[in-house]
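# Architecture and fold: a report
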Amino acid sequence: MKKLPAGVPWIAPAVGLLLALSIYPLIYSIKVSFTSEAGGFTAAHYARLFQDRLFAVACWQTAEYLTVALVVEFGLGLSLALLVDSLGRGRGVFRAGLLAPMLLPPVVAAVIWRLIYNPQFGVLNGTLRAAGIPAQRLTWTSGESSAMFSVLLVDIWEWTPFLFLLLSAGLQAIPQEPYEAAKIDGASQWQVFRDITLPLLKPTIVLALLLRAMDLARIFDQIFILTQGGPGFATETVSLYIYRTAFRFFNFGYAAAMSFVALALTTIFARALLRGMRAGSAR
Amino acid sequence: MRIGLQDAILPYVALCFLTGCGGSPPSLVVAVNAGVEGDALKAAAREFGSAQSLDVEIVDLPYANLFEKELLDLTSRTGAYDVIMIDDPWFPRLAQNDALAPFASQAPDPDFLQSCLDVCRLNGTYYALPYVGNSQLFFYRQDLFGKYGLPAPATWSGVLAAAKKIGAGEKMYGYVMRGAPGNPVVADFLPLFWAFGAEMFSAGGAPAMDSQQGIDALRFMLELGKHSPPGYAGFNADEVSAHLLQSTAAMSINWPAWIAAMDDPAKSKVAGKIEFAPMPSEKRKGVAGLGTWLLAVPAASKHRDRAFQFLYWATSADPMKRAALHGNPPTRRSVFLDPGLRAKFRALPAQLQSLESARPRPRTPRWNEIENAFGIYLSQANAGTLAPDEAMRRAAKDIAGIAAR
Amino acid sequence: MKSAWRYGLAALALLVALAPIYWLVTISLKKEIDQFAYPPSWWSFTPTFEHYGDAFRVRSFGRFLLNSSLVAAGSTLLALGTPAAYALARFRWPGAWGSKIGFWILSTRMLPPIVTIVPLFLMMREARLLNSLTGLGLVYTAFNLPFVIWMMRGFFEEIPPELEEAAMLDGESRAGALFHVVLPLAQPGLAATAIFCSIVAWNEFLFALILTQTEAATTLPVGIASRVTQYEIQWGAMSAAGVVAMVPVLVFAAVVQKYLVRGLSLGAVKG
């Protein structure tokens, strides 16, 4: 018998736990997604999925949420990373302080913003009114047209620090020599950024985007606390819709089918992003 | 900081130790709604615990979570809860598959109001007893009605006219309602819906909300919405009550749980000015929605006898009277007619009248899903995203799909 | 850009980041009547600790705090992830198995929790681990494994293998070399990883929501979320609990912030 690689016993417990608590449930879920409520085999759940308008809306809204949040968080995160990196003294203070929002339990962050957003008693409307701005029509999370925007704002506040952290780390990893060479050559700040910083930062950028996108695709905690998917269906995302189908309507088969379709969609997206990452880090 | 492998294991070992010998499990676990309706049961549970020297744990959860947790516990038979609080529309779903323990005595005390007892039965067997006698009341500012010479609101048309007049004359909104999707908007809409002669389901069981009466009712709701504070399509009970308490709105449907706050000078700017009336009529006599909270014992409970003991005690006349003194709406006629209580709570006669004739929401195990779907379209109509007839049509279509499964 | 402008902008960003957190703290310290006051006051109010007393003594938040602490501590079972990370960093694997396994392990982190939650609930019920801290701890450990392996592999790869080889030449076994030579050098990485895992467990919501039923296992996030009821939001208790939930995280993170950046950048560069 061929000898097992030496590392196997080292890896076995970890792989074992992952198989038990991540892979086995996944396989069980597949079985559930093909089980009808009476217990027999059925593909009806998947069939229903393609006609479910609400599921399509939830997917679309999740994609919308993901895109906007990602773009804004990345832009802000990069700007902040560059800004703080360029500061002389006190960099550590700024870095530590700016990380605070992402360290909070997401539930606490959502709760804070629920307090702030309350149209009657919240400090946001209160401050606006005190400043003379009529805030009666500003309903934030209670208004159908403003709910998505309000929820996005919370995500941006909470997770821009994450992008900031990763991009800061990436900036720190860039060696000094190219910069010194550019200085000698007399390059402008924009040229330095475009030709040195960005290319060297690319692997970090792709990684940061990938990580954040994965988390955004399954966004749940904040929306659960802030709006529960409402008002109407305005802030419904895939995770929430699956959760409600599973635990409020007790329809596990349908919920399982939905989660696999969602998983498939996010995997496709992740592979595309990873391909971009491999292409970028040709070193 | 020296952290080695040992230090990584140590917390885990400690964890196992602590969870192992971390106190004995409680003798009774009561799942309660984390809101005003649950307060009475919490107090009763604590009283029972100290009187019987039992360790009673109270798990209080928000409305939606309570349903989920109870459903999960009942269907998986985990036995985590010994006594559970059930909102009457949940009962058909939760009582399925013998998940609840039937009562030993199937002849409940006739002192309980019949309308409350009716929702405690499944296929003729009693699985619960009513504890919080909730049925909707119409709250309106008597002082303002008097000021503008308006008669007490007897019809919805009258309500709309009064809302216009008061809204124009005072710096406030004539009406306020719950528009948040799901349970809030559906509960507030049904009395109006019924008063216009509409029904959710026809005699044959098919969805009937897209009837002309249903569409008219929704159109009327949007009319009322024009005289309601902006953003009402997302309001829940705390926003509605806040508007009444702060005197920024003059009328609303509401639950008796809020009566105490209305008359409390510490919370209310309108103490004593609000009158509580039965539901207005329109094409049909006005009828309130029933929202009674029931108490039941899960079949998988590990402390059934003790649970039933607590249940019978809490719903008996004296403890219920004590709960009523703290504002809990009772379910026993004798408590409603108690002179001491009637002197203290001026709305008690109106509550009794409303409760006796109240109408439960459609009794179906799929009510949760149906309410959810109906609620989404109602909320969208109120937010202006959908036209009323389109909203009702889509609702009927979705609900037909849900019922068919 | 001039230095003053840059500091000004950074200060503005800091203000935006911290103001809401400050607001939570003030709400937790205000009397109820001040909480709803208009115009809202940022510092001129008389503080009260009644909400903290209410949350932790009258309501069950003391128990929730204990539960969260135990679970956070117990979820850092680095004993599983560290050897695996070491194996991936040091040993030779046939074909491209090394990076394949590594990638597979990392990909399990991408599983949306909602996919596994129902089977996990049923499994926990069978194993009688439902509504228990041990069960929750196990789930979180599995959760954290990919991250532990990823981080620690990066740190191990930084340490030159010659040191262990020297120890093994002296008669140490491979495990002994890991224990006595490599781990002491990787301590900052271990500390950072452990703390990060605790933070993940401390903050987690969805699994705790489903897998806990009574006080015996309910954690802080679930307890806080349950203050958002249908009729009213219990602002006092919720904000007091929220402040207590966030303080340990902020403190720990401040301590380990430097290593987080290093560890993440190592992982980023090695991919």
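Residues numbered from 1 in each chain as written. Chains lettered and ligands numbered in written order. Predicted model: local features only at pLDDT ≥ 70, side-chain atom pairs only at ≥ 80, totals over all residues.

Helix and strand counts for chain B stand at 18 helices and 10 strands. For chain B, the C-alpha radius of gyration of 23 Å lies close to 22 Å, the compact-globule estimate for 405 residues. On the principal axes, the C-alpha backbone points of chain B span a range of 75 × 60 × 50 Å. When burial is assessed residue by residue, chain B has 55% of its 405 residues classed as buried. Contacts in chain B between residues at least 24 apart in sequence constitute 72% of all its contacts with a sequence separation of at least 6. (Helix = DSSP H or I, 4+ residues; strand = E, 2+ residues; numbered from the N terminus. Rg over C-alpha atoms; globule rule 2.2 N^0.38 Å. Buried ≥ 20, exposed ≤ 12 C-beta atoms within 10 Å, placed from the backbone. Contact = placed C-beta atoms within 7 Å.)

In this section: the overall build of chain A. Counting its regular elements, chain A contains 12 helices and zero strands. Reading chain A from its N end, one meets helices and strands in the order α-α-α-α-α-α-α-α-α-α-α-α. Overall size of chain A, expressed as C-alpha extent along the three principal axes, is 80 × 75 × 30 Å. Buried positions account for 47% of the 283 residues belonging to chain A.

Attention shifts here to the sheet that holds strand β7 (residues 137-141) of chain B. In a beta sheet, neighbouring strands pair by backbone hydrogen bonds and run either parallel or antiparallel. Residue and element names in this part refer to chain B. Strands sit in the order β8-β7-β9 across an open sheet of three strands; the sheet is antiparallel. Strand pairing shows two members of the sheet lacking a second neighbour, β8 (251-254) and β9 (274-277), which therefore form its edges. Taken pair by pair, the neighbouring strands of this sheet meet at an average axis angle of 25°, ignoring direction. Of the strand pairs in this sheet, β7 and β8 are connected by four bridges, and their pairing is antiparallel. (Pairing = 2+ DSSP bridges. Axes fitted to C-alpha atoms, helices over the stretch in contact; angles between N-to-C directions.)

This paragraph deals with the pairing of strand β6 (residues 128-132) of chain B. Residues and elements named next belong to chain B. Taking burial as the measure, the five residues of β6 include five buried ones, the bulk of the element. Note: β6 against strand β10 (residues 293-296), four bridges, orientation antiparallel. Counted as the bridge partner of Val132 is Trp293 from β10.

Residues and elements named next belong to chain B. Taken together, the five strands give an open sheet; going across it, the order is β2-β1-β3-β10-β6, and neighbouring strands pair in mixed fashion. Each edge of the open sheet is held by one strand with a lone partner, namely β2 (56-61) and β6. The average angle at which neighbouring strand axes cross in this sheet is 30°, direction not considered. By the bridge criterion, six bridges tie strand β1 (residues 28-33) to β2 in an arrangement that is parallel.

Residues and elements named next belong to chain B. According to the domain assignment, chain B contains domain 1 (21-132 + 293-356) and domain 2 (137-289 + 363-404). Placing a centre on the C-alpha atoms of domain 1 and another on those of domain 2 gives a separation of 28 Å. Opposite the 14 residues of domain 1 that make contact, domain 2 presents 14 residues. Counting residues per element, the ones that place at least two in the side of domain 1 that touches domain 2 are α2 (36-51), α4 (91-94) and α16 (348-356). Here the side of domain 1 that touches domain 2 gets four residues from one element, more than from any other, and that element is α16. By residue class, the composition of the side of domain 1 that touches domain 2 is seven nonpolar, five polar and two charged. (Domains from an automatic or database assignment. Nonpolar A, V, L, I, M, F, W, Y, C, P; charged D, E, K, R; others polar.)

Before going further, it helps to spend a moment on the environment of B:Thr75. Topologically, B:Thr75 is positioned in helix α3 (residues 63-76). Along the backbone, B:Thr75 and B:Ala99 are 24 residues apart, and their C-alpha atoms lie at a distance of 6.7 Å. Excluding anything up to four places from it in sequence, B:Thr75 contacts A:Phe250 and B:Ala99.

To continue, consider the packing of helix α9 (residues 162-169) of chain C against helix α10 (residues 174-185) of chain C. Residue and element names in this part refer to chain C. Contact geometry for α9 and α10: axes closest at 9 Å, N-to-C directions at 125°. Judged by the inter-axis angle, α9 sits oblique to α10. The two elements α9 and α10 cross, and the hand of that crossing is right-handed. Residues Leu163, Glu164, Ala167 and Met168 of α9 form the contact with α10, whose own contacting residues are Arg174, Ala177, His180, Val181 and Val182. Within the contact of α9 with α10, the residues separate by chemical class into six nonpolar, one polar and two charged. (Parallel < 35°, antiparallel > 145°, perpendicular 65-115°, else oblique. Left-handed = near helix turned anticlockwise from the far one by under 90°.)

This next bit is on the confidence of the model for chain B. Note: predicted coordinates in regions of low pLDDT should not be interpreted at a detailed level. Residues and elements named next belong to chain B. Residues at a pLDDT of 70 or more form 94% of chain B, whose mean pLDDT is 88. β10 holds the highest mean pLDDT among the elements of chain B, 96, whereas helix α1 (residues 5-20) holds the lowest, 47. Note on residues 1-9: pLDDT is under 50 here. Beyond four places in sequence and across chains, it has 17 contacts. Scored below 50 in pLDDT, residues 15-22 shows 10 contacts in the model against residues more than four places distant or in partner chains. Scored as a whole, the predicted complex attains pTM 0.84, and scored at its interfaces, ipTM 0.83. (pLDDT = per-residue confidence, 0-100.)

Of all five residues in strand β3 (residues 83-87) of chain B, five are buried, a share of seventy percent or more. Burial of β3(B) is two-sided: the residues B:Val83, B:Met85 and B:Asp87 facing one way and the residues B:Ile84 and B:Ile86 facing the other way are all buried.

This brings us to the interface of chain A and chain C. Taken together, the 71 residues of chain A in the interface contact 71 residues of chain C. Partitioning the side of chain A that touches chain C into residue classes produces 54 nonpolar, 14 polar and three charged.

A few words on the environment of B:Trp156. All names here are of chain B. Along the chain, Trp156 falls in helix α7 (residues 156-169). Since 23 C-beta atoms lie within 10 Å of it, Trp156 is described here as buried. A sequence separation of 123 residues divides Trp156 from Met279, and the C-alpha atoms of the two residues are 8.8 Å apart. When sequence neighbours within four positions are dropped, the list of residues in contact with Trp156 reads Leu192, Ala195, Phe220, Pro280 and Glu282.

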